[in-house]
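What follows is each chain in one-letter form.
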Amino acid sequence: MIHLWLPLALSAALFGVGLYGVLARRNAVLVLVGVELMLGAVGLLLVTAGVKHADAYLAGQTLTIFLITIAAAEIAVALGLVVLAFRARGQIDVTAARGDDE
Amino acid sequence: MTTHDVFFSIVGLLCLASAVLAVTTKHILHSALWLVVSLGTLAGCYLVLGAEFVALVQLLVYVGAVVILVLFALMLTRAPIGRSTAHDASPAQRAAALVISAATAMLIGAVLIVGLGPGVASLRPSTTSDLATQIFATWSWPFELLSLLLLIALVTAISLSRMRIDDSLDDEAGDS
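This one's a predicted model, so the numbers in the text were calculated from it and none came from an experiment. Residue numbers here run from 1 along each chain, matching the order of that chain's written sequence. A letter from A marks each chain and a number from 1 marks each ligand, given out in the order of writing. For this predicted model, a pLDDT threshold of at least 70 governs which residues receive local features, and a threshold of 80 or more governs which side-chain atom pairs are given and counted, while totals over whole chains, interfaces and linings are taken from all residues. Values shown for side chains rest on all heavy atoms present in the structure; no hydrogens or waters enter the calculation.

Engineer: Before we move on, can you summarise a nonpolar patch on the surface with the specific residues and values?
Structural biologist: All names here are of chain B. Residues Leu145, Leu148, Leu151, Ile152, Leu154, Val155 and Ile158 make up a contiguous nonpolar surface patch of about 690 Å² in total accessible area. Relative to the helices and strands, Leu151 is located in helix 6 (residues 140-161). Here's how the labels work: a residue is buried when its accessible area is under 20% of the maximum for its type, exposed when over 50%, partly exposed in between, all with a 1.4 Å probe on protein chains only. A residue is classified by how much of its surface remains accessible, and Leu151, at 49% relative accessible area, is partly exposed. Surface patches are drawn from residues lacking salt bridges whose relative accessible area is over 30%; two like charges belong together within 9 Å, two nonpolar side chains (Val, Leu, Ile, Met, Phe, Trp, Tyr) within 5 Å. Reported accessibility uses the Shrake-Rupley method at a 1.4 Å probe radius. Residues are deemed covered only where the shown protein chains occlude them. Each salt bridge in this description consists of a side-chain nitrogen of Lys or Arg and a carboxyl oxygen of Asp or Glu lying within 4 Å of one another. Numbered from the N terminus, helices here are DSSP runs of H or I no shorter than four residues, and strands are runs of E no shorter than two.

This is the structure:
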């Protein structure tokens, strides 16, 4: 037996922490760290919903596994883009204006 | 407080604390290493909730692959070792981000706890064999589509990394 507000509160707090990481970081790789935390929060919410509504298809856990797979695909493409942007511009500051490349 | 509550509180507090450190530390490489701790303890949360296969996948995919990718990207983009303030946002932006994220977290938390939270839930016994049955029976088409998506992402990442930046240099290196 578990009180469900504990994982729900952790999920909301993790999402907020990830949002802070996305909004307050200027290094593009560290922005992606925030995105990963937000995806982790969503996975925890899915598993918790699976505990609450025990269905025969185990949708919560299955969708969490799918979510982790999608997150892996996303991070591979995103890091490829970040490295490409670094090779093109010499820095990965997400607030840098486009005109000051050189 | 049940036993599950106690264990979940311990692991969850560890997870939250390391997540906060991952988004606030000034050492850029430490950020990725705190992300390892945070996602690893999140796998512990899945274990307490009775989703042991999800916990294993989380450990394998996140700690084993994603964080290694993040570390490689940090090295390839010449992240400074040690404390660095060159990539700090301004204090006003950080304060605004803090307000927005705290408000979002409270809103989501309030909605979720009111909607799903009241009462206790009993955990299922070991679900791995059920999960295997479901993935390869009910969810087999989404599973196949996901493998296609992973293949596309892999090919995309490879072709991105081979994309030419400077045309004048690549003319002689070309298609020989």
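Engineer: Report on the interface of chain B and chain A, specifying residues and quantitative values.
Structural biologist: Contact with chain B, which involves 82 residues of that partner, is made by 72 residues of chain A. Buried area adds together the accessible area that both of two parts lose upon being put together, with accessible area traced by a 1.4 Å probe. Between chain B and chain A the total buried area reaches about 7200 Å² when both faces are included, carbon and sulfur atoms providing 77% of it. Polar contact criterion, stated in full: a pair of N or O atoms within 3.5 Å, where within protein one must be able to donate a hydrogen and the other to accept it, and residues adjacent in sequence count only if both atoms are side-chain atoms. Taken together, chain B and chain A are joined by 15 residue pairs in polar contact (both at pLDDT 80 or more). Considering each element in turn, the side of chain B that touches chain A owes the most residues, 13 residues, to helix 4 (residues 91-116) of chain B. Tallied by class, residues from the side of chain B that touches chain A come to 52 nonpolar, 24 polar and six charged. Strands were regarded as paired on the criterion that DSSP finds at least two bridges between them. Inspection of the sheet shows strand 1 (residues 2-3) of chain A paired to strand 1 (residues 120-121) of chain B by two bridges, in the antiparallel sense. Pairing of Ile2(A) across the sheet is with Ala121(B), part of strand 1 of chain B. In what follows, a contact means two residues having at least one pair of non-hydrogen atoms within 4.5 Å. By the convention adopted, Pro, Cys, Tyr, Trp, Phe, Met, Ile, Leu, Val and Ala count as nonpolar, Lys, Arg, Asp and Glu as charged, and the other residues, Gly among them, as polar.

Engineer: Before we move on, could you go through the environment of Ala17(B) and cite the residues and values that matter?
Structural biologist: Along the chain, Ala17(B) turns up in helix 1 (residues 3-24). Sequence-wise, Ala17(B) and Tyr62(B) are 45 residues apart; in three dimensions their C-alpha atoms are separated by 18 Å.

Engineer: Tell me about the pattern of salt bridges, and name the residues and values.
Structural biologist: Residue and element names in this part refer to chain A. Counting across every chain of the model gives one salt bridge over all chains. As a salt-bridge pair, Arg26 and Asp93 come within 2.3 Å of each other at their nearest N and O atoms. Of this pair, Arg26 sits in the loop between helix 1 (5-24) and helix 2 (28-52) while Asp93 sits in the segment after helix 3 (59-89), placing them 67 residues apart in sequence. We classify Asp93 as buried; its relative accessible area is 11%.

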